[in-house]
Each structure stands twice: as structure tokens, then as C-alpha cells.
Amino acid sequence: MGEVDPAFIQDPEHRPKLSPIEATGIPVIDLSPIINKTVKDPSAIEGLVKEIGTACKDWGFFQVTNHGVPLTLRQRLEEASRKFFSQSLEDKRKVNRDETTLTGYYDTEHTKNVRDWKEVFDFFAKEPTLLPVSSDEHDHRIHHWNNQSPQYPQNFRVIIQEYIGEVEKLAYKLLELIALSLGLEANRFEEFFIKQQTSFVRLNHYPPCPYPHLALGVGRHKDGGALTILAQDEVGGLEVKRKIDQEWVGVKPTPDAYIINVGDIIQVWSNDEYESVEHRVMVNTEKERFSIPLFFNPAHDAEIKPLEELINEHNPAKYRPYKWGKFLIHRRDTNFKKHNVENLQIYHYKII
Ligand SMILES: O=C(O)CCC(=O)C(=O)O
Ligand SMILES: [Fe+2]
């Protein structure tokens, strides 16, 4: 490879350190007290709720084990992902994402206006997924989206749908624990997802990169949705901005664990009690890396605002309400190209 395309070069202050700190502190939480069981001992779940609350508050990130998602399903999707990305660019582009398809394959995502060293395939959790046609608040048209399915590997659609079904169960469990940890009813968040959702799975492939000091697999960002449930492989590279000292620290791969992070929506719902934390992905000069996040997102028409139970005269709402679907479309419109302005963020809705 010759000169690096300048589109990939991070500003000096955002370039990765090549000997990152490893975060031993990211909590690993054992979900066995609630998975596939009726809870007989409420104190077991009390401890779990506390652990989740502390992890959300101190880190915004945690890993879960004994989470109930069968390992074989994850492995089947990981294998399908490898096969899909091993095809020629021409074949991958048969399911290319563009303005008319919204999901599918692409390799041109920009985070904060710098191109990411990766290629991805996006797949909505529900079919159809309803989203506004534009981010214009006066435009009330809604589009019904279906997924593109690659011809190769075989049974791709069946494999990914089965995986989504299981991870979705985990997502609901986690939302219950998070609700309890905020002192809310366990099913408080369900209404935002149960009738419709805009969740999607992303298959990420980070090819080896000869410029690890200049480029990132994914530039620093916060996830805009409610909750992210991420399967990373054994290569490693995900870094999280540690809240106590703002240092970038690596999330150590743990076999068969999921990495969970609180997105912007939970930050708003909790009125900043739980913050959505910045993260990024380093590249590797020798190894390719694969990861599979499921972005668990509410219905497009969900109005996102601090929950009434959590605000009062001493703790007034810190955000103006916004419509999730409009927010998402606004973001997506700006992720395709290099722009001169920052894309939409929740702080644009901040009151205080
Ligand atoms: O690949 C990873 O580990 C994380 C990717 C990520 O943060 C994202 O896609 O939002
Ligand atoms: Fe992310």
C-alpha cells in the first residue's frame, strides 16, 4: 500500500497510543441469577441490580457472562460474517447500502468526519422497520424498510434472525435490571420497544491496517441508541474512555461474554444518572478483527426525555424531548460523507 488516504487520518490529539492501558476494572457481571430461572431468592437479584447500577454509573460499560445466548448461535453468525466479508468487493456491493436501502454493506462510514478503517453489514432486527423518510420535523412520511440478504453464505438470513431473537431476550433482561437499579418498575422501558423497534445488528470487519498510529477502526463516539450488546472476537482493540481520569483503556476480550454499554437514550431517560461513554476501536497491523454489536433501539416515534419518576424540583429535566426516529435519520444522513459540522448529538437538546 502506498500513501495513506488522508480521509483516514485522525487529528493528532485523537490518534491512538500504541501501547494502550488494559482495563482490568471493567466489571464482569454474572447473569446466572436471572437467566432461564424464576428468581426464588430476591437477595440474589438485589446484589445483581446493585452491580449493574454501579457499573452503569462508574463505567457506562460492563461485560456479562452466563447471559443465556447460546454460544453456537454466536459462532454460526461469526462464521457467516467471515464468509460474507471474504468475498470480492464486487460481490459484497451487490447488497450495498445507499440512500434507497438504508441497511446492507458499506465501507465508507465516517465518525466525526474521519473515515473508519472498517467495512460493515447492517441488518434490522424487525421487518419491516418503520422510520421517518427525512429528519425534517414537518415531513410526516414513514418508510417501511426490509433487509437485504446476501446470496452467500447460505442461510444468512436464518442465522442472523435466530441470533437476533436470543440477543433481544438478553436486551430486555438488561433493561429490566437497569430499570430496577434506577428505582423504576422492572418493565418501565418495555413500552418503548415492544410494539416496534429500530434495533439493528452490525457485522463489523476491521482489516489489518499499516497505519495504526494514524487511523482508527472506529473513531471516538458515543452510541446514540438505548443499549449496545457487543460480541467482540479474541483480537481486542475496543477502548473506552475511563470516567475517573478520562484515559483510554482497552476492554479485554473475554470468551463468550457480551460487552454492554449504555447509549445516549439511557443517559437522557436517567437525566444523566447513567452516562453514555465515549469509545473507539484501534486497528491492528497484522490481524483482522470482527465484532458484532446489536444496537437496541426504541420505536421511531418514541419521544425521548428524562423520565418523570426521576425528575423533581431539585433535579429538573436536563433535556428537551426529541423524537428518536428523526434523530436517527439526521445522524445517518451525516455519516456517509465528510462534513464540516459535527453531527447531531444529545447535548444539542440539553437545557441545563
Ligand atoms: O467493534 C467494536 O468493538 C465496537 C464498535 C462500535 O463501537 C460501534 O460499532 O458502535
Ligand atoms: Fe459504538
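Residues numbered from 1 in each chain as written. Chains lettered and ligands numbered in written order. Predicted model: local features only at pLDDT ≥ 70, side-chain atom pairs only at ≥ 80, totals over all residues.

**Student:** Looking at this structure, how should I read the overall build of the protein chain?
**Tutor:** Each helix and strand in the protein chain was counted, giving 6 helices and 19 strands. Against the compact-globule benchmark of 20 Å for 352 residues, the protein chain has a radius of gyration of 20 Å, which places it among compact chains. With respect to the principal axes defined by its C-alpha atoms, the protein chain has extents near 60 × 45 × 45 Å. When contacts within the protein chain are restricted to residue pairs at least 6 apart in sequence, those whose partners lie at least 24 apart make up 78%. (Helix = DSSP H or I, 4+ residues; strand = E, 2+ residues; numbered from the N terminus. Rg over C-alpha atoms; globule rule 2.2 N^0.38 Å. Contact = placed C-beta atoms within 7 Å.)

**Student:** What is the right way to read the site of ligand 1 from this model?
**Tutor:** Contacts to ligand 1 come from Arg202, Asn204, Val218, Asp223, Leu230, Gln232, Leu238, His279, Val281, Ser291 and Pro293. Contributing elements (two or more residues each) for the shell around ligand 1: strand E10 (200-206), strand E12 (227-232), strand E16 (279-281) and strand E17 (289-296). Taken together, the residues that form the shell around ligand 1 break down as 5 nonpolar, 4 polar and 2 charged. (Near = placed C-beta within 6 Å. Nonpolar A, V, L, I, M, F, W, Y, C, P; charged D, E, K, R; others polar.)

**Student:** When you look at the UniProt feature "domain: Fe2OG dioxygenase" (unreviewed entry) in the protein chain in this model, what are you seeing that I'm missing?
**Tutor:** According to UniProt, the "domain: Fe2OG dioxygenase" (unreviewed entry) feature falls on residues 197-298. Secondary structure across residues 197-298 divides into 6% helix and 40% strand, with the first and last C-alpha atoms of the span separated by 5 Å. (UniProt positions renumbered as here; feature names shortened; annotations may be inferred.)

**Student:** What is the right way to read the nonpolar core from this model?
**Tutor:** Soluble, globular proteins show a tendency: their nonpolar side chains are buried together. One finds Ile178, Leu227 and Ile229 to be the most contacted residues of the largest nonpolar core, which totals 85 residues. Among all residues touching Ile229, those that are not within four sequence positions of it are Val167, Leu170, Ala171, Tyr258, Ile260, Pro293, Leu294 and Phe296. (Core = buried A, V, L, I, M, F, W, Y, C linked by C-beta atoms within 7 Å. Buried ≥ 20, exposed ≤ 12 C-beta atoms within 10 Å, placed from the backbone.)

**Student:** Just to check I follow, could you spell out unusual backbone geometry for this structure?
**Tutor:** With an omega of -5 degrees, the peptide bond running from Glu127 to Pro128 counts as cis. Mapped onto the elements, Pro128 comes out in the loop between strand E7 (119-124) and strand E8 (129-132). Going from Tyr152 to Pro153, the amide bond is cis rather than trans, its omega being -5 degrees. A positive phi angle, close to 60 degrees, is found at Gln246, a residue other than glycine. Its place among the elements puts Gln246 in the loop between strand E13 (238-241) and strand E14 (248-251). Residue Gln246 is classed as exposed on the basis of its 8 C-beta neighbours within 10 Å.

**Student:** Would you take a moment to explain the environment of Asn271 for this structure?
**Tutor:** Structurally, Asn271 is set in the loop between helix H5 (264-269) and E16. Each C-alpha atom, one on Asn271 and one on Pro316, is 8.4 Å from the other, the two residues being 45 residues apart in sequence. With residues up to four places along the chain from it excluded, the contact list for Asn271 reads Pro306, Leu310, Ile311, Asn315, Ala317 and Lys318.

**Student:** Sorry if this is basic, but what is going on with the pairing of E10 here?
**Tutor:** In summary, the side chains of a regular strand alternate between the two faces of the sheet. By the criterion of burial, E10 is predominantly enclosed, with 6 of the 7 residues buried. The sheet contact formed by E7 and E10 spans 6 bridges and is antiparallel. Directly across from Asp122, in E10, lies its bridge partner Arg202. Pairing between E10 and E17: 5 bridges, direction antiparallel. If you follow Tyr206 over to E17, its bridge partner there is Arg289. (Pairing = 2+ DSSP bridges.)

**Student:** I would appreciate a short explanation of the sheet that holds E17 in the present structure.
**Tutor:** Strands pair in a sheet through their backbones, by hydrogen bonds, and they do so in one of two ways: parallel or antiparallel. Ordered in space as E2-E3-E15-E12-E17-E10-E7-E4, the 8 strands form an open sheet in which the pairing is mixed. The outermost strands of the open sheet, each flanked by one partner alone, are strand E2 (28-30) and strand E4 (104-106). Here the strands of the sheet are splayed against their neighbours by 25 degrees on average, with no regard to which way each runs. Taken together, the 6 bridges between E12 and E17 define a ladder with antiparallel strand orientation. (Axes fitted to C-alpha atoms, helices over the stretch in contact; angles between N-to-C directions.)

**Student:** Just to check I follow, could you spell out the packing of helix H2 (residues 71-85) against helix H4 (residues 156-181) for this structure?
**Tutor:** Packed helix pairs are specified by the crossing angle of their axes together with the interaxial distance, meaning the distance between the axes. Packing of H2 against H4 leaves a shortest axis separation of 9 Å and a crossing angle of 140 degrees. The angle between H2 and H4 falls in the class oblique. Considering how the two elements wind past one another, H2 and H4 form a crossing that is left-handed. Contacts between H2 and H4 involve Leu73, Arg74, Arg76, Leu77 and Ala80 from the first element and Phe156, Ile159, Ile160, Glu162, Tyr163 and Glu166 from the second. In terms of residue class, the contact of H2 with H4 is built from 7 nonpolar, no polar and 4 charged. (Parallel < 35°, antiparallel > 145°, perpendicular 65-115°, else oblique. Left-handed = near helix turned anticlockwise from the far one by under 90°.)

**Student:** Just to check I follow, could you spell out the pairing of E13 for this structure?
**Tutor:** With 3 bridges joining them, E13 and E16 adopt antiparallel strand pairing. By the bridge assignment, Val240 is partnered in E16 with His279. Pairing of E13 with E14, which is carried by 3 bridges, proceeds in the antiparallel orientation. Paired with Lys241 across the strands is Trp248, a residue of E14. Between E13 and E14, which pair antiparallel and follow one another directly, the connecting turn spans 6 residues, one of which, Gln246, has a positive phi of 60 degrees.

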